[in-house]
Amino acid sequence: MRAVSRWQIVGLSINDVIGSGIYLLPATAAMLLGPASLWAVLLAGFAVALLVLCYAQAASYFDQPGGGYLYAREAFGPFAGFEVGWMLLVTRISTAASLSNGLAEAVALFWPAAKAGPARVFIVAGSLGLLVLINVLGVRTAARAGVALAIGKLVPLVLFVAIGAFYFDPALLHSDAPLPVDHLGEAALLLLFAYAGFENLPAAAGEYRNPRRDVPFALLTMIVLVTIVYFAVQLVALGTLPGIAQSTSPLAEAAAHFSGTGLALVLTVGAAISILGTNSNTVMMGPRYLLALSRDGYGPRALGAIHPRFHTPARAVLLLGAIALALALTGSFQQLALLSVVARLCTYIGTAVSVLVLQKRHRGREGALHLPGGPLIPIAAIVLSLGLLASASVKNLIAAAIALVVGAVIYKLRRAPEAAV
């Protein structure tokens, strides 16, 4: 049932991208790059736009769900498609787990008991359970919740920028220290994590009213709005909080510095809503990858079933929630976030390379998006992704390699897909 409208898709895309990163980004980026972090945020937005354009073009060719899995499968065959889909699933599960941990950490600022013990378990398990329930009940419910959460996370950021602008000190943006080039790779991965999530939007294309037109529109609208928001937040944070690089809660501390504890509390609540909203999209989109893989013969046939009443992949939603919960209770936010970043880069490369093939195959397709420069944008996106991947730690690269090998083993155990039964 195609129930999700164009502007709901825009809300979902913003919800998926603006998450924990914006609340951690100002301090960490300032620590790594100093005042240059302001322009790094803007440049990162333009760079990620290259990847967004690749996804937008690929989405304009298909009405089916699957996202990067579908694009790689159509371009290079089932094995390439499976590996991309598998890494997308790894990304979704690790992201859901890391964000659940991040929610507990955000709440701990005002509820210290949430740092560990039963309170932390309650927040992690309770938030995941709620999101699983919403997504089992229906994609329309999930989409409405996603739009509401997107608005809830944007309002505190708008207040922060609007009020903070009156207390802005340009002198805080100047520094005589040289640019720390040895931290550029780490900063690039951080910024990628802050902008990541857009790749999930095409996964539920089968439930959008007009996916070939609405998904590209939503992706392009999202990257423009998110880049503007990130730049404005970084600008105000740098210009209102001296010593921001040492802050653990930069936006809340900056708000307390220029407006008192009231706005600081609003920013803290906003951080919790932001993380919860992003995780809502993760729990919505992740099972769609599992659904697509199962229907193609990878994994139990039961995971490809649609609930007869709610019209959702309920079993896939429940399984993803259970695995994410196990990871969240045994791993840290940072460990799981880094795993998701490296896994994402594998899928970005797969999609960008696929677009080079799909451009030729669907060159004359009516209504398809045509990128300026032909293959230039996908090639630039591939170079960008390879450069970012090269800046990852050896430990994370080994973890990604192991995940790909595990995926290859699962691929070999494939059963007959549903269409062939």
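Located above this text is the structure these notes cover.
Remember, predicted model here, so these are calculated numbers, not experimental data.

J.: When you look at the overall build of the protein chain in this model, what are you seeing that I'm missing?
T.: Broken down by element type, the protein chain carries 15 helices and zero strands. Taking 2.2 N^0.38 as the reference for a compact globule, 421 residues should give roughly 22 Å; the C-alpha atoms of the protein chain span a radius of gyration of 21 Å, in line with that estimate. In the protein chain, of all internal contacts separated by at least 6 residues, the share reaching a separation of at least 24 is 83%. By element, 70% of the accessible surface of the protein chain is carried by carbon and sulfur atoms, the whole surface being about 16,800 Å². The centroid of the 26 positive side-chain charges in the protein chain is displaced by 13 Å from the centroid of its 16 negative side-chain charges.

J.: Would you take a moment to explain the pattern of salt bridges for this structure?
T.: Any two side chains of opposite charge can pair, given that their charged atoms come close. Here the structure, examined in full by the defined rule, presents two salt bridges. Here Arg 73 makes a salt bridge to Glu 74, at a shortest N to O gap of 3.2 Å. Overall, the relative accessible area of 25% leaves Arg 73 in the partly exposed class. Given the relative accessible area of 31%, Glu 74 is considered partly exposed. One salt bridge connects Glu 199 with Arg 344, and the closest N-O pair in it is separated by 2.6 Å. Remark: Arg 344 occurs in helix α13 (residues 333–361) and Glu 199 occurs in the loop between α8 (184–195) and α9 (211–240); sequence separation between them is 145 residues. In this structure, Glu 199 and Arg 344 share a single accessibility class: buried.

J.: How should I be thinking about α8 in this particular structure?
T.: Residue pairs spaced three or four apart in an α-helix point in one direction, given the helix's 3.6 residues per turn. In this model, α8 (12 residues) spans 16 Å end to end at C-alpha, consistent with the 16 Å of a helix rising 1.5 Å per residue. The first or second residue beyond α8 is Gly 197, which carries a positive phi of 120°.

J.: Hey, could you run me through the environment of Ala 400 in this one?
T.: Its place among the elements puts Ala 400 in helix α15 (residues 394–412). Along the chain, Ala 400 and Ala 49 lie 351 residues apart, while their C-alpha atoms are 24 Å from each other. In this structure, Ala 400 is in contact with Met 87 and Val 342, ignoring residues within four places of it in sequence.

J.: How do you make sense of the side chain of Thr 347 when you look at a structure like this?
T.: Of note, Thr 347 is situated in helix α13. In this view, Thr 347 contacts Tyr 55, Val 84, Met 87 and Leu 88; residues no more than four positions away in its chain are not counted.

J.: Which parts of the structure should I look at to understand the nonpolar core?
T.: Grouped burial of nonpolar side chains is what soluble globular proteins tend to show. Counting 108 residues, the largest nonpolar core has Phe 160, Phe 198, Leu 201, Leu 219, Met 222 and Tyr 230 as the members making the most contacts within it. With 13 residues, helix α3 (residues 37–59) is the single largest residue contributor to this core. Ignoring sequence-local partners within four residues, the contact set of Phe 160 consists of Val 233, Val 236, Ala 237, Leu 251, Ala 254, Ala 255, Phe 258 and Leu 267. Grouped together as the second largest cluster of nonpolar side chains are 13 residues, Leu 99, Leu 103, Ala 272 and Ala 328 included.

J.: What am I meant to see in the packing of aromatic side chains here?
T.: Each aromatic ring pair is specified by the distance between its two centres and by the angle formed by the two planes. Under the criterion given, the structure shown has 16 aromatic pairs. Aromatic side chains Phe 82 and Tyr 298 sit 4.4 Å apart centroid to centroid with 45° between the ring planes, which places their arrangement in the tilted category. Placement of the pair is Phe 82 in helix α5 (residues 78–107) and Tyr 298 in the loop between α11 (261–295) and α12 (314–330), with a sequence separation of 216 residues. By relative accessible area, which is 6% here, Tyr 298 ends up buried. Taken together, the ring pairs connect Tyr 55, Tyr 61, Phe 62, Tyr 71, Phe 198 and Tyr 348 into an aromatic cluster. The ring of Tyr 69 has Arg 73 sitting right over it, with the charged end atom 5.4 Å from the ring centre.

J.: I keep staring at the environment of Trp 111 and nothing clicks. Help me out?
T.: Mapped onto the fold, Trp 111 is located in the loop between α5 and α6 (118–137). Take Trp 111: its relative accessible area is 39%, and that puts it in the partly exposed class.

J.: Explain the environment of Gly 239 to me, please; I cannot follow it from the model alone.
T.: Looking at where Gly 239 falls in the secondary structure, it is placed in helix α9. Exposure remark for Gly 239: the relative accessible area of 0% places this residue in the buried category. Sequence separation between Gly 239 and Ser 391 is 152 residues, and the spatial gap between their C-alpha atoms is 29 Å. Residues contacting Gly 239, with those up to four places away along its chain left out, are Tyr 167, Phe 168, Asp 169, Leu 172 and Leu 173.

J.: Is there a simple way to think about the side chain of Thr 227 in this case?
T.: Within the secondary structure, Thr 227 sits in helix α9. Since its relative accessible area comes to 10%, Thr 227 is described here as buried.

J.: Teacher, can you tell me more about α15 here?
T.: An ideal rise of 1.5 Å per residue puts 27 Å on 19 residues; α15 measures up with 27 Å between its terminal C-alpha atoms. Here α15 has its buried residues at Asn 396, Ala 400, Ala 403, Gly 407 and Tyr 411. The arc that holds every buried residue of α15, seen down its axis, measures 85°, which confines them to one face. Among the exposed residues of α15, those pointing more than 90 degrees away from its buried face are Val 394, Lys 395, Ile 402, Val 405 and Lys 412.

What counts, and at which threshold
Along each chain, the written sequence defines residue order, and numbers are assigned to residues from 1. Restriction of local features to residues with pLDDT of at least 70 applies here, the model being predicted, together with a cutoff of 80 or more for giving and counting side-chain atom pairs; totals for whole chains, interfaces and linings are based on all residues. Side-chain measures were taken over the full set of non-hydrogen atoms in the model, leaving aside hydrogen atoms and water. Counting from the N terminus, the helices are DSSP H or I runs at least four residues long and the strands are E runs at least two residues long. The size measure is the radius of gyration over C-alpha atoms, and the globule rule it meets is 2.2 Å times the number of residues to the 0.38 power. Any two residues whose heavy atoms approach within 4.5 Å are treated as being in contact. Note that accessible areas follow from Shrake-Rupley with a 1.4 Å probe, and for residues the cover is restricted to the protein chains shown. A positive count includes Lys and Arg, and a negative count includes Asp and Glu. His and the chain ends are not counted in either. Just so you know, the charge point we use is NZ for Lys, CZ for Arg, CG for Asp and CD for Glu. Whenever Lys or Arg places a side-chain nitrogen within 4 Å of a carboxyl oxygen from Asp or Glu, that contact is recorded as a salt bridge. Throughout, exposure labels follow a simple rule: accessible area from a 1.4 Å probe, protein chains only, divided by the maximum for the residue type, with under 20% read as buried, over 50% as exposed, and the rest as partly exposed. Here, expected helix span is obtained from the residue count minus one, scaled by 1.5 Å. Residues belong to one nonpolar core when they are buried, are Ala, Val, Leu, Ile, Met, Phe, Trp, Tyr or Cys, and are joined through side-chain atoms within 4.5 Å. Centres within 6.5 Å make a pair out of two Phe, Tyr or Trp rings, where for Trp the six-membered ring is used; the pair is then stacked when the planes are under 30 degrees apart, edge-to-face when over 60, and tilted otherwise. Lysine and arginine charges are scored as sitting over a ring when NZ or CZ, respectively, is within 6 Å of the ring centre and within 35 degrees of the ring normal. The arc in question is the one traced by the directions running from the helix axis out to the C-beta atoms.

Interpretation note: all reported values are geometric properties and have no functional meaning in isolation.
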